[in-house]
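Geometric and topological summary
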Amino acid sequence: MDKRDYYEVLEVSKTASVEEIKKAYRKKAMQYHPDRNPGSKEAEEKFKEAAEAYGVLSDQNKRARYDRYGHAGMSGQDFGGSMNDIFSQFGDIFSDLFGGGFSGFSSGGGQRHVYRGSNLRLRVKLTLEEISTGVKKKVKVSKYVPCQKCNGTGSEDGTMETCTACGGKGQRMMRSGFFTQVSTCSVCGGEGQVIKKKCPCCNGDGIVKGEEVIDLDIPAGVAEGMQLSVRGKGNAGAHNGIAGDLLILIEEEKHPQLERDGSNLIYHLFISFPQAALGCNIDVPSINGSVNIKIPAGTQSGDIIRIKGKGLPEINSYSKGELIVNINVWTPKKMTKDEEQMMRTLLKSENFKPKPTANDKSILDKIRDFFN
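Residues numbered from 1 in each chain as written. Predicted model: local features only at pLDDT ≥ 70, side-chain atom pairs only at ≥ 80, totals over all residues. Heavy atoms only, no water.

Description of the pattern of salt bridges
Throughout the structure, instances matching the rule amount to 17 salt bridges. Residue lysine 48 is joined to glutamate 44 by a salt bridge in which the shortest nitrogen-to-oxygen separation is 3.4 Å. Of this pair, lysine 48 and glutamate 44 both sit in helix α3 (residues 41–57), four residues apart, roughly one helical turn. Linking glutamate 156 and lysine 197 is a salt bridge whose minimum nitrogen-to-oxygen distance equals 3.4 Å. Of this pair, glutamate 156 sits in the loop between β2 (135–146) and β3 (161–162) while lysine 197 sits in the loop between β6 (193–194) and β7 (207–218), and the two are 41 residues apart along the sequence. What you see here is one network of salt bridges that share partners, running through Arg4, Glu8 and Glu49. (Salt bridge = Lys/Arg side-chain N within 4 Å of Asp/Glu carboxyl O. Helix = DSSP H or I, 4+ residues; strand = E, 2+ residues; numbered from the N terminus.)

Quick word on the pairing of strand β14 (residues 304–313)
Regular strands place their side chains on alternate faces of the sheet. Note that β14 and strand β15 (residues 320–330) share six bridges and pair antiparallel. Bridged to lysine 308 within β15 is glutamate 322. Between β14 and β15, which pair antiparallel and follow one another directly, the connecting turn spans six residues, one of which, asparagine 316, has a positive phi of 55°. (Pairing = 2+ DSSP bridges.)

Observations regarding the environment of valine 139
Position of valine 139 among the secondary structure elements: in strand β2. Apart from the residues lying within four places of it in its own chain, the contact partners of valine 139 are Leu122, Glu212, Val213, Ile214 and Leu216. (Contact = heavy atoms within 4.5 Å.)

Points about the packing of α3 against helix α4 (residues 60–69)
Between α3 and α4, whose axes approach to 6 Å, the crossing angle comes to 100°. Accordingly, the angle class assigned to the pair α3 and α4 is roughly perpendicular. Between α3 and α4, the residues in contact are Gly55, Val56 and Leu57 and Lys62, Arg63 and Tyr66, respectively. A per-class count over the contact of α3 with α4 returns three nonpolar, one polar and two charged. (Axes fitted to C-alpha atoms, helices over the stretch in contact; angles between N-to-C directions. Parallel < 35°, antiparallel > 145°, perpendicular 65-115°, else oblique. Nonpolar A, V, L, I, M, F, W, Y, C, P; charged D, E, K, R; others polar.)

With respect to the sheet that holds strand β11 (residues 264–272)
The mixed open sheet is built from four strands, whose spatial order is β10-β11-β15-β14. Each having just a single partner strand, β10 (259–261) and β14 make up the two edges of the open sheet. Shown here is a sheet whose adjacent strand axes are inclined to one another by a mean of 35°, direction ignored. Relative to β15, β11 is paired through eight bridges, and the arrangement is parallel. Residue tyrosine 267 lies in a different strand from β15, and its bridge partner there is valine 325.

A word on the packing of helix α2 (residues 18–32) against α3
Packing of α2 against α3 leaves a shortest axis separation of 9 Å and a crossing angle of 165°. Judged on the interaxial angle alone, α3 and α2 are roughly antiparallel. Considering only the axes of α2 and α3, their crossing is left-handed. Of α3, the residues touching α2 (which contributes Ile21, Lys22, Tyr25, Lys28, Ala29 and Tyr32) are Ala43, Lys46, Phe47, Ala50, Ala51, Tyr54 and Leu57. Tallied by class, the residues present in the contact of α2 with α3 amount to ten nonpolar, no polar and three charged. (Left-handed = near helix turned anticlockwise from the far one by under 90°.)

Looking at the side chain of asparagine 235
Among the secondary structure elements, asparagine 235 is positioned in the loop between β8 (227–230) and β9 (246–252). A distance of 2.8 Å separates a polar side-chain atom of asparagine 235 from the backbone nitrogen of tyrosine 144. (Polar contact = N/O pair within 3.5 Å; in protein donor to acceptor, adjacent residues only side chain to side chain.)

Here we look at the pairing of β9
Most of β9 is tucked away, with five of its seven residues classed as buried. Examined bridge by bridge, strand β1 (residues 120–126) and β9 share seven bridges and lie parallel to one another. Its bridge partner lying in β9, valine 124 is registered against isoleucine 250. (Buried < 20%, exposed > 50% of the residue type's maximum accessible area, 1.4 Å probe, protein only.)

Comments concerning the nonpolar core
Counting residues in each nonpolar core, the largest one holds 37 residues, and the members touching the most others are Ile218, Val222, Leu269, Val284, Ile293, Ile295 and Val325. Ignoring any residue separated from it by four or fewer positions in sequence, one finds isoleucine 295 in contact with Leu269, Ile271, Gln275, Gly279, Cys280, Ile282, Ile305 and Ile327. (Core = buried A, V, L, I, M, F, W, Y, C linked by side-chain atoms within 4.5 Å.)

Observations regarding a nonpolar patch on the surface
A contiguous nonpolar patch, built from Phe273, Met335, Met342, Met343 and Phe352 and spanning about 460 Å² of accessible area, is present on the exposed surface. With respect to the helices and strands, methionine 342 occurs in helix α9 (residues 337–347). (Patch = residues over 30% accessible without salt bridge, like charges linked within 9 Å, V, L, I, M, F, W, Y side chains within 5 Å. Areas by Shrake-Rupley, 256 points an atom, 1.4 Å probe, with all protein chains shown as cover.)

A word on α4
Taken residue by residue, α4 has Lys62, Arg63, Arg65 and Tyr66 as its buried positions. Down the axis of α4, the buried side of the element spans an arc of 165°, and every buried residue falls inside it. Facing away from the buried surface of α4 by more than 90 degrees, the exposed residues are Gln60, Asn61 and Arg68. On its buried side, α4 packs onto α1 (6–10), α2, α3 and β8. Its side-chain oxygen at 2.9 Å from the backbone nitrogen of lysine 62, aspartate 59 defines the N-terminal cap of α4. A positive phi of about 70° marks glycine 70, the residue just after α4. (Arc of directions from axis to C-beta.)

A closer look at the confidence of the model for the chain
On average, residues of the chain score 83 in pLDDT, and 83% of them are at 70 or above. Contacts of residues 97–110 to residues separated by more than four positions or lying in other chains number 36 contacts, the stretch itself having pLDDT below 50. (pLDDT = per-residue confidence, 0-100.)

With respect to the sheet that holds β1
Across the sheet, which stays open at both edges, the three strands sit in the order β1-β9-β8 with mixed pairing between neighbours. Here the strands that pair on one side only, and so sit at the sheet edges, are β1 and β8. Taken over all neighbouring pairs, the strand axes of this sheet differ in orientation by 30° on average, direction set aside. Examined bridge by bridge, β8 and β9 share four bridges and lie antiparallel to one another. Bridged to serine 229 within β9 is leucine 247.

This is the structure in structure tokens:
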């Protein structure tokens, strides 16, 4: 099923402010919260859909990418998390709605805190050749991993005891008149269980410093500044909690000959005056080998030749940009006496005197065409 537009999901305009988006998400979260719609799969899906939309539109970089590329620009973003993922990620929203200590959704009247590991960020530099085809890379990441000795529990013998302070609910309630205040249990930290004997390797946290080799599958067409997400490959969560994400920030290596403009590639070609006047065939570089192009007789400096399909692919699309060849007619700075005499002869020719017509554009017009 096709995804709905994120602005439509939250019922906001495309010019909505961050506060308006947050307010709209609060409304949707209240409407479709699982505690208000017990057993409703439809409400759960709408709750997740609203969280996904808010996760993109509340982030300046993600929103800019979505506005430009739509859902295609969200390639590599994994939004298929659990309900606890959502509550952990947007805990501030739910704290505002339901009071402090809110970190998960209730089951049988109690809530237990689930630890979430922090996200990791990694910069990956790509060549234009790698961007044109997509690339698979292996990266070694230093991060927190589950403790092998206690299997991530934090307990030396692997056993946990029910917290007597909260009865295993992870929360404590205090009544004041008509109001009930819910807070995280200070004894167990909201887990509902306590460790009797801490693991000596991780000091009871369930995580230790380690390394992991991670496979990255970067799609074709990514751009400088684009961020991809690998779910669950960040730091491990304490006490077998939810692992954070690995965020991949794309950087581009400068190409020695080609410039990038979106999905188009630009090459600045210098030709001699005789080549411009007489016309010729010439090889120009592209991202996947040279391309032979025809220079028409009478070519002017600033003329542009566009070659369709020789640019970069658009992300998550079969379309490709163009190779734009910007023509520059080279004027020699020094000439021999014979060459100078030849030029003086041509100078007297009426055919070599400038006679622009209505079809001949100014250099400013050519610059405008170049960027349009």
